[in-house]
Amino acid sequence: IEQYEIQDVPIPAITESQCLIRVRSCTVCATDVKYFKGLQTRDWPSPMGHEITGIVDEAGSEVEGFRKGDRVLSRIVWGGFAEFVQSDADMLVHLPANVGFEEGAIAQLLPIAVRGAELAVRPGNTVFVNGLGAAGLLCVQVAKAYGASRVLAADFFEMKRNAALEVGADLAIDPDAEDVVER
C-alpha cells in the first residue's frame, strides 16, 4: 500500500469477445487513490487505472463493431496504466475523431453527472456540488445545462474553486473559511 512500482508484464491475451487496446490515456481516479491509500482493497499486486482511451490493436473473433485501428474508450477496465489492456467489447464505445484521448478518458465521468441531473435538476433549481474534482466540475456544467438557476460549489482547494467558477458555478465556497451549510 502507498507504493507503486513499474513492472514489465506480458501483453494480455484476449478472448473471442474481447479487444486488445493499446492505451493512449488513462485517468488517475479517486478510486485509484483509495486503493493506493488502503481505504479500499484489491488483491495485490494489482494494476491500477480503469478509465482509458486507446486504439484497438486486436479484436476477438466474436467481436462486432470494432476492428484494429478503431479509436475507443473502455468504460471499465483494470490495468489502464499499462501499455495494453484487454477489454470486453460490450464495455467499449467509439471515440469520435474530434475528441482527444485525454478528454475521452475524463469524459467517462460525464454519465455520472448526467444521470444525477436527470434525476434531480429541474429548470430554476439551485444545485449544490460538494467536491470539485473532475466529476464535480462536470456536475457543475451539467447542472447549468439542465437549467439550474444557481450552482453553488464547495472544495478545500482554491484552484478547484476557481475552476468551478470558470465552468459556470455561481459561488464557490471554501469549507475551511466558512460554514458551508450556514452560507
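Preceding this section is the structure that the text describes.
Residues numbered from 1 in each chain as written. Predicted model: local features only at pLDDT ≥ 70, side-chain atom pairs only at ≥ 80, totals over all residues. Heavy atoms only, no water.

Chemist: Just checking my understanding: could you explain helix α4 (residues 134–145) for this structure?
Modeler: Helical geometry: 3.6 residues make up each α-helical turn, so side chains three or four residues apart lie on a common side. With 12 residues, α4 extends 17 Å from end C-alpha to end C-alpha; this agrees with the ideal 16 Å at 1.5 Å per step. Among the residues of α4, those classed as buried are Gly136, Leu137, Leu138, Val140, Val142 and Ala143. Here the buried face of α4 lies against α2 (101–107), α3 (110–120), β6 (126–130), β7 (150–154) and α5 (158–166). Looking at the residues trailing α4, positive phi occurs at Gly147, about 100°. (Helix = DSSP H or I, 4+ residues; strand = E, 2+ residues; numbered from the N terminus. Expected span 1.5 Å × (residues − 1). Buried < 20%, exposed > 50% of the residue type's maximum accessible area, 1.4 Å probe, protein only. Contact = heavy atoms within 4.5 Å.)

Chemist: For this particular structure, what's the right way to read the pairing of β6?
Modeler: Taken residue by residue, a regular strand's side chains alternate between the two faces of the sheet. The alternating pattern of β6 places Val127 and Val129 on a buried face and Thr126, Phe128 and Asn130 on a face that is not buried. Judged from the 5 bridges that link them, β6 and β7 form a sheet pairing that is parallel. Among the inter-strand pairings, Val129 is bridged to a residue of β7, identified as Ala153. Tracing the backbone out of β6, into α4 and back to the parallel element β7 gives a crossover that is right-handed. (Pairing = 2+ DSSP bridges. Right-handed = clockwise from strand over helix to strand, strands pointing away.)

Chemist: What am I meant to see in the sheet that holds strand β1 (residues 18–26) here?
Modeler: Two strands in a sheet stick together by hydrogen bonds in their backbones, pointing the same way (parallel) or opposite ways (antiparallel). Strand order in the open sheet formed by 5 strands is β4-β1-β2-β3-β5, and the pairing between neighbours is antiparallel. Among the strands making up the open sheet, the edge pair consists of β4 (84–88) and β5 (92–94). Put simply, the sheet's adjacent strands are angled 45° from each other on average, direction ignored. Of the strand pairs in this sheet, strand β2 (residues 52–59) and strand β3 (residues 71–74) are connected by 4 bridges, and their pairing is antiparallel. Within β3, the residue paired with Thr53 across the bridge is Leu73. (Axes fitted to C-alpha atoms, helices over the stretch in contact; angles between N-to-C directions.)

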